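# Report on the structure
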Amino acid sequence: MKTMDRILESGSTKLESLLEPIRAAGKTVSILGGVLVILGMLSIAAPLASGLAVQAIVGLFMIAAGVTWVAFSFQAKGWGSGLWEALVGVLAAITGVVMLAHPLANLAGLTLVLASYFIATGILRSVFAFQLRPLRSWGWVFFNGIMSVVLGVMISYQWPLSGAWAVGTLLGVDLIFGGFSLIRIGTSSARFAR
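This report concerns the structure included in the present document. (Residues numbered from 1 in each chain as written. Predicted model: local features only at pLDDT ≥ 70, side-chain atom pairs only at ≥ 80, totals over all residues. Heavy atoms only, no water.)

### Considerations on the nonpolar core
In this structure, Ala115, Phe118, Ile155, Ala166 and Leu170 together form the largest nonpolar core, which totals five residues. Every element with two or more residues in this core is listed here: helix 4 (103–131) and helix 6 (166–192). (Core = buried A, V, L, I, M, F, W, Y, C linked by side-chain atoms within 4.5 Å. Buried < 20%, exposed > 50% of the residue type's maximum accessible area, 1.4 Å probe, protein only. Helix = DSSP H or I, 4+ residues; strand = E, 2+ residues; numbered from the N terminus.)

### Focus: the packing of helix 2 (residues 47–73) against helix 4
Contact geometry for helix 2 and helix 4: axes closest at 10 Å, N-to-C directions at 90 degrees. In this view, helix 2 runs roughly perpendicular relative to helix 4, as classed from their interaxial angle. Contacts between helix 2 and helix 4 involve Leu48, Gly51, Leu52, Val54 and Gln55 on the former and, on the latter, Pro103, Leu104, Asn106, Leu107 and Leu110. (Axes fitted to C-alpha atoms, helices over the stretch in contact; angles between N-to-C directions. Parallel < 35°, antiparallel > 145°, perpendicular 65-115°, else oblique. Contact = heavy atoms within 4.5 Å.)

### Focus on helix 4
With 29 residues, helix 4 should reach 42 Å at 1.5 Å per residue; the first-to-last C-alpha distance of 42 Å fits that figure. Among all positions in helix 4, only Leu107, Ala108, Thr111, Ala115, Phe118, Thr121, Gly122, Ser126 and Ala129 are buried. (Expected span 1.5 Å × (residues − 1).)

### So, the packing of aromatic side chains
All chains considered together, the criterion is met by one aromatic pair. Measuring from ring centre to ring centre gives 5.2 Å for Phe130 and Phe142, while their planes differ by 65 degrees; the resulting arrangement is edge-to-face. Within this pair, whereas Phe130 is found in helix 4, its partner Phe142 is found in helix 5 (residues 138–157), the two being separated by twelve residues in sequence. (Phe/Tyr/Trp six-rings, centres within 6.5 Å; stacked < 30°, edge-to-face > 60°.)

As structure tokens, this is what we get:
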């Protein structure tokens, strides 16, 4: 009987050592989710500032991509392809600099692209929903598509003024939903590890 107790105790210790990293990861994921929710709320509270931050990050990425393309052009096999790669890099870098130099104008342009994206994806989702009609949940897909179209039309109708709120607000909403998803995953994994 003592042998069986030792085996069960040993197994329990091994199981506990396996579950501890899951608990720790669950806490970390939940904390990250909470941070994302807070950042999302701040983004919604200050949509212009967060929209300008997103636009500045895109500008910096464009500059980095341009520098990378120019550096890559020196590795090209031929003179012609190297010249074209360098030209692409220079144009990308110039685009990034212009984005950083004229943030409000570029935020308005980014907002127009975002509105077009919502309209196009909303139409595609609505059409796709009719292909899902045999499923019970097809109505939710259709509703999602219609709401995307309405949001895109609303943003484009208020354009260029919507540039002051659209990008930052939508970023905030996305961060909040992503944060709550992570919190849910973290609490579920912690519950599983009990």
